[in-house]
Structure formats: C-alpha cells, structure tokens
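Chain by chain, the residues run as shown.
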Amino acid sequence: MNKGVLIFAHNSRQVDYALMAIVAGGLAKKNLQVPVSLVTDESTLEWMKISKTISKAKTVFDKIIEVKKPVTSNQRLLVDAYTSKMVPFVNLNRSSAWDITPYERTLLIDSDYLVQSTNLSEYWDADSDFMIAPSMNDIRGDRIGVLDKHVSETGIPLCWATTVMFTKNKKTKLVFNLVEYIKDNYANYADLFRFNPNIYRNDIAFSIALHMLDGFEHSDYNYLPPVLTASGKDVIYEVMDNKIKLLINDDMSEDNVVATTISKRDIHVMNKQSIVRHAKEFMSLI
Amino acid sequence: MNFGYLIIISKNDEVDYLKLAYALALSIKNTQREGYDKVALITDDVQSVKKIKSPWVFDRVIKWDKEKHWDGRSFMDELSPWDQTICLDADMLFFRDYSHWVDYFIENTELYVTPKSYTYRGEVVTDDYYRKAFTHNELPNLYSFYTFFKKDSVLAKEFFELGRYIIKNPTEFKNLFLKGYKPKIIGTDEAFALAAKILDIHDEIAFDLEFPKVVHLKPMIQNWPWPASTVSDHVGFYFDLNAKLKIGNFQQHDIVHYNEKTFVTDETVSILEEIAWKK
C-alpha cells in the first residue's frame, strides 16, 4: 500500500498558505520519510512562481495537484499575537481529499501543522481505516475552553481535523461523503448540533460525521494523538537546531508571556503569520 | 433461575410513581430476554395497579405500606420475591438487552451496588455537586438505583440491615461518621455508602466494572459550563415510536435514570404499551 501526506493550501491576500505548506510538507517529508503532495489552485501557483517558492515546492512535493479554488465567503479571525483581523478562509474542499489523494493510505495535515517527530509513522500500519485527532492539547496547558473540547456546550466531542489518516476504501468514502453533505447543509447541522454556523470548520464537520456514523453515541474510535497546539496569540521568535522557540501568551494579560522551546514534537502553530515570518529558518531545516 | 427486577413505590401527591414504574416495567418487557424480564412491584396501593392497561407487566405485585418514599428501598432484601434481584428506581427506562450483565452478577457476586453513573454524552460523572457528603467524608460512591443482591446472601443481609439502621438513626450516624459534611437527609445512597464503609466491604460490592451503565440525568453533573435546573432546559428529549431515546445529539443505549418525572407522559406509556402488545 503506497502512503503519503496530503496538504491543502489556498492563498488569501493576507496569508501565504502555500509557503506554510512548503514548510509543513518539508518537515513531514523529512521526519516521516514519505512523499508529500500539495493540493492548491491556479492563483496560488501563480503566487508561488512570483514569490519564487515554486522551485522549493517542487523539491518538497511529490505531486502538486491543481484544483479549482472553492468560492467562499468564509472568514476567520486571524490572530497574530496582540493583533487580529477577519480574513477570508478557503477550507471548503477538504472533504475532496479522498478523491484527490494519490495515495492508498493518506495522512492529511493542516498547512500549519509542523511535524518534528516520527510519532505519526506509528499509525501507518494501524488496524483502522480512518483516524483523527480526538482533541487538542494546549502548549501552555490551561487555555482549553469548552468549545475546544465540544462542538457546542451541550454537544458532541470536537475532533481536530488538523491530522486525519485514512485508507482509500468504501468505508472512508462514506466518511468524506458525509462531511461533504454536512458542509453543504451546514446551517441545518448548526441548528441540530447547536454550534455557530458563521464560520465553516472542518473539525466540526468531521466530528458530526463520525458521531453519526458511530450511531449517535460516543465510541472508542481509533484515534491519532491529540494535537499539541500553540494559539494564535503565541509567537515563534526563533527557529534553529531543530528547535522552535516560542513566546507563550497568557490569556489574562498581554504582558505576561512565557518562553518555551519545542523540540522533536509535532506542533500545530495557529499563528500563521509567525510561521511565514520564520519561513526561511524553517526552510533551512528541510 | 429465579431472577427478577424489583421496583418499590408508594403513593405520592406530586408524582405518579405507578406510571413511572409501569413505563419501566414495559421497557423491561420490551427489551430483555425471556427469563430476564420479570418484574415485581412493591406498592402501598394495589388497587391502582389493577386500573392500568397492562398490569401483566408486573409479574408480582406485593402490597407493603410500612415505609414511605425512599425509606422503602432499604427493605429491598426483605421484600423481593426473587432469589436474585436487581432493585431499580422507578424513574428509569431500559433501551436494549442487558441480560448479560445479570449473568455476570449472578455468577460472580452476592451483592453489587453500582459505583458509577454517566452523563447523556457517555462520560463518567465526576462532578460531586450532589455528592458533597461522599467526597468530604470519603464515602464510597454508591448509587442505589441499580442494586443486585442474592436473597440467601449473609453479606447482603448484614449490609441491608445496617443500611436500614442508619436510615432510622440518621443524626447519630451523621454526628459519628459524617463530620466533614453533614447532608440534610440520609437517603438510601448515603446509607448504603456508610454501611459499606463501616463494614469495609466496598471493594467487594462495588468493584470497578464497565457496567451497569446508567445515565444519571441530574442537571448539575452533565459537564456543562453553566448551572442548570433541569436537563430538558438545555437539551431535547426525543422519544420515537420505536421507544428509542435521543437526548440532545446522543442516542441512548444504556439505562436512563431520567429524574424529571414529567418525562414519562401518557404518550410515552402508549408507545411502550404498543410495542409490548406486539411482542
């Protein structure tokens, strides 16, 4: 069974997702020792040529798969340390991963998920067709709210589609088809599952799909490890010697930050601009 | 095998416990295997039982009026007509076959009082909002709503006798054993927990198992980020024509201890009756 990593990246005017994908893809390729493919669109590819990152992309990615950029009015709050702004967010085609992937066994990761260990390699041969991260672990440990754990206050557990591993077969096709259906009827599902429908989140769509396929009860699914996460308020201030040094913010006060170093651990860096600012340093690690 | 379930009720001006017991007995008949579906009802009002549409769901109806409300449940060992009994609260419903739990208890224990309960989302209840007396006094966390015992068990006899004695002498036991936090009332759960602690048998009668699974629908223990006065204020109860229950987004497969007595309506009963009649 051939296996590989798949990353989606659709640039917006504010965020260079393609550059992040090169970083994330390069790290995944180096640490997991498997090919990595990129799913992107024409305008993002154009920008990669203009910004001269295309040559690096060609060395990192096994395949660059061009798809039509989904049209969306989806917006998200882009937090960069003490600043934030609403920006367009193109994430509507994740459910097409099953059709697009060139691999029989795929690890689907977000472009802001930095693989720095071999941990996920342990799951390629796991006896499960579909696995997802069941939760997130805050890097600081004390900033997890109810809505980081559940789709809504009274609702189902929230899985994190930051990492998804699946085998391409009929069973997993059903999961992705259902995610697609939930996406297309997002407002209805928001009514049923009591979440905010204003921003489409793949995490929520996958969580609902799995809950429904499990018979509307919580079952002991085979899960990937929880996603270690640095929030948007945290900033990377140095990348060197395979270590990422971060300033971790205290939710209570902007002045209260703690310095920490992450090494040999996979991390979801939600401050996307922070990855972009340190892209050159990350490139040197690849 | 002479196994059966036991439900103990008494007349109450505010709640029609017979209706709740009837719904529970119907759900037992609808879901349990033959031989595991017998139900005995202990009541102070036998005449009312004759008025329900299908009194046959109670295999035995025994008149008993010596105690009222939950005090009566502490007499379960004396009142049960079965050799092996599971005593249940009236405000519960069954949703699938749990006979294999019964087999385990008959084979492995003389007495078992469940030490866990679950939220409607399937999480083990850890909040002690209603159980301060248990945590502050280090009492074993026992729930009397699902109690298995064998009639001929010396251990069970000793346990229930002490439980009754505690219920009859609450002040003495509160002063002696519950100094950390004194509950207003010593109910069956507190009495059972104290009895188990005094006899030092809680490892024997409440060892850790993955079953029985009972969903305890008290509002403050559902792992919600806000205080709640009833569960149904926050999540819907959806009871369908096949007598399947969904609470919020969660299909219920385990025993549901619904607490809100208005949950069982005439319509609920009628759905359960129809299934029982067709079985």
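To be clear, the structure that these remarks concern was listed above.
What you see is a predicted model, and the numbers here were worked out from it, not measured in a lab. (Residues numbered from 1 in each chain as written. Chains lettered and ligands numbered in written order. Predicted model: local features only at pLDDT ≥ 70, side-chain atom pairs only at ≥ 80, totals over all residues.)

Looking now at the overall build of chain B. A tally of regular secondary structure across chain B gives 10 helices and 12 strands. Taking 279 residues into account, the globule formula puts the C-alpha radius of gyration at 19 Å, and chain B, at 18 Å, falls close to it. Across the 279 residues in chain B, those meeting the buried criterion constitute 45%. At a minimum sequence separation of 6, the contacts of chain B that also span at least 24 residues come to 76%. (Helix = DSSP H or I, 4+ residues; strand = E, 2+ residues; numbered from the N terminus. Rg over C-alpha atoms; globule rule 2.2 N^0.38 Å. Buried ≥ 20, exposed ≤ 12 C-beta atoms within 10 Å, placed from the backbone. Contact = placed C-beta atoms within 7 Å.)

Assigned secondary structure in chain A consists of 10 helices and 15 strands. On C-alpha atoms alone, chain A measures out to a radius of gyration of 18 Å, which is about the 19 Å that the 2.2 N^0.38 rule sets for 286 residues. Expressed as lengths along the three principal axes of its C-alpha atoms, the size of chain A is roughly 45 × 45 × 35 Å. Taken over 286 residues, chain A has a buried fraction of 43%.

Moving on, we get to the packing of helix 1 (residues 17–31) of chain B against helix 10 (residues 266–278) of chain B. Residues and elements named next belong to chain B. Running from N to C, helix 1 and helix 10 point in directions that differ by 30 degrees, and their axes come no closer than 9 Å. Comparing their axes, helix 10 and helix 1 come out roughly parallel. Relative to helix 10, helix 1 is oriented so that their crossing is left-handed. Facing helix 1, whose interface residues are Lys19, Tyr22, Ala23, Leu26, Ser27, Lys29 and Asn30, helix 10 presents Thr268, Val269, Leu272, Glu273, Ile275 and Ala276. When its residues are assigned to classes, the contact of helix 1 with helix 10 shows seven nonpolar, three polar and three charged. (Axes fitted to C-alpha atoms, helices over the stretch in contact; angles between N-to-C directions. Parallel < 35°, antiparallel > 145°, perpendicular 65-115°, else oblique. Left-handed = near helix turned anticlockwise from the far one by under 90°. Nonpolar A, V, L, I, M, F, W, Y, C, P; charged D, E, K, R; others polar.)

Let's shift gears to the sheet that holds strand 7 (residues 143–150) of chain B. All names here are of chain B. Read across the open sheet, the six strands follow the order 3-2-1-4-7-6; overall the sheet is mixed. Across the chains shown, the open sheet's two edge strands, defined by having one partner strand only, are strand 3 (60–63) and strand 6 (111–114). Geometrically, the sheet is characterised by an average inter-axis angle of 20 degrees between neighbouring strands, direction not taken into account. Alignment of strand 1 (residues 3–8) against strand 2 (residues 39–43), held across four bridges, turns out to be parallel. The residue bridging Ile7 from the neighbouring strand is Leu41, located in strand 2. (Pairing = 2+ DSSP bridges.)

What follows is about the interface of chain A and chain B. Taken residue by residue, the interface counts 12 residues in chain A and 12 residues in chain B. Residues belonging to the side of chain A that touches chain B are distributed by class as follows: five nonpolar, five polar and two charged.

Residue placement: A:Lys30 occurs in helix 1 (residues 17–32). Separated by 88 residues in the primary sequence, A:Lys30 and A:Thr118 have C-alpha atoms spaced 9.4 Å apart.

All names here are of chain B. Relative to the helices and strands, Thr43 resides in strand 2. Residue Thr43 is classed as buried on the basis of its 23 C-beta neighbours within 10 Å. Leaving out residues up to four positions away in the same chain, Thr43 has contacts with Ile9, Ser10, Leu18, Val49, Val61 and Lys63.

Glancing now at helix 4 (residues 99–108) of chain B. Residues and elements named next belong to chain B. Those residues of helix 4 not exposed but buried are Trp101, Val102 and Phe105. Buried residues of helix 4, viewed axially, fall in a sector of 100 degrees; they line one side. Pointing more than 90 degrees away from the buried face of helix 4 are the exposed residues His100, Glu107 and Asn108. Of the surrounding secondary structure, the elements contacted by the buried residues of helix 4 are strand 1, strand 4 (84–88), strand 6 and strand 7. (Arc of directions from axis to C-beta.)

Residues and elements named next belong to chain B. For the pair helix 6 (residues 154–168) and helix 8 (residues 188–199), the least separation of the axes is 8 Å and the interaxial angle reads 125 degrees. Classified by the angle their axes make, helix 6 and helix 8 are oblique. Along this stretch, helix 6 crosses helix 8, giving a crossing that reads as right-handed. Together, Glu158, Phe159, Leu162, Gly163, Ile166 and Ile167 of helix 6 and Ala191, Phe192, Leu194, Ala195, Ile198 and Leu199 of helix 8 make up the contact between the two elements. For the contact of helix 6 with helix 8, a count of residues per class yields 10 nonpolar, one polar and one charged.

All names here are of chain A. If you trace the four strands from one edge of the open sheet to the other, you get 7-15-11-9, paired in mixed fashion. Edge positions in the sheet fall to strand 7 (113–114) and strand 9 (136–138), since each has one partner strand and no second. One ladder, built from three bridges, connects strand 9 with strand 11 (residues 227–230); its direction is parallel. Opposite Asn137, over in strand 11, you have Leu228 as the bridge partner.

One finds B:Ile7, B:Ala21, B:Leu24, B:Ala25, B:Val39 and B:Leu88 to be the most contacted residues of the largest nonpolar core, which totals 84 residues. Per-element tally for this core: the top contributor is helix 1 of chain B, with 10 residues. The contact partners of B:Val39, leaving out residues within four places of it in the chain, are B:Gly4, B:Tyr5, B:Ile7, B:Ala25, B:Ile28, B:Val57, B:Phe58 and B:Asp59. Core analysis: the second largest hydrophobic core is formed by 78 residues, A:Ile7, A:Met20, A:Ala57 and A:Trp98 among them. (Core = buried A, V, L, I, M, F, W, Y, C linked by C-beta atoms within 7 Å.)

Take the pairing of strand 13 (residues 243–250) of chain A next. Working note: regular strand, side chains alternate between the two faces of the sheet. Residues and elements named next belong to chain A. For strand 12 (residues 235–240) and strand 13, the ladder comprises five bridges, and the chain directions are antiparallel. Within strand 13, the residue paired with Met240 across the bridge is Lys243. Taking the residues between adjacent antiparallel strands as the criterion, strand 12 and strand 13 are bridged by two residues, where Asp241 takes a positive phi near 50 degrees.

Moving on: the pairing of strand 4 of chain B. All names here are of chain B. Of all five residues in strand 4, five are buried, a share of seventy percent or more. Neither face of strand 4 is exposed, since Gln84, Ile86 and Leu88 on one face and Thr85 and Cys87 on the opposite face are all buried. For strand 4 and strand 7, the ladder comprises five bridges, and the chain directions are antiparallel. Across the sheet, the residue bridging to Thr85 is Phe149, located in strand 7.

Turning next to the environment of B:Glu210. Residue and element names in this part refer to chain B. Position of Glu210 relative to the elements: it lies in the loop between helix 9 (202–205) and strand 8 (214–216). Residue classification places Glu210 among the exposed positions, given that 7 C-beta atoms sit within 10 Å. Expressed as a C-alpha distance, the spacing of Glu210 and Trp101, which sit 109 residues apart in the sequence, is 9.9 Å.

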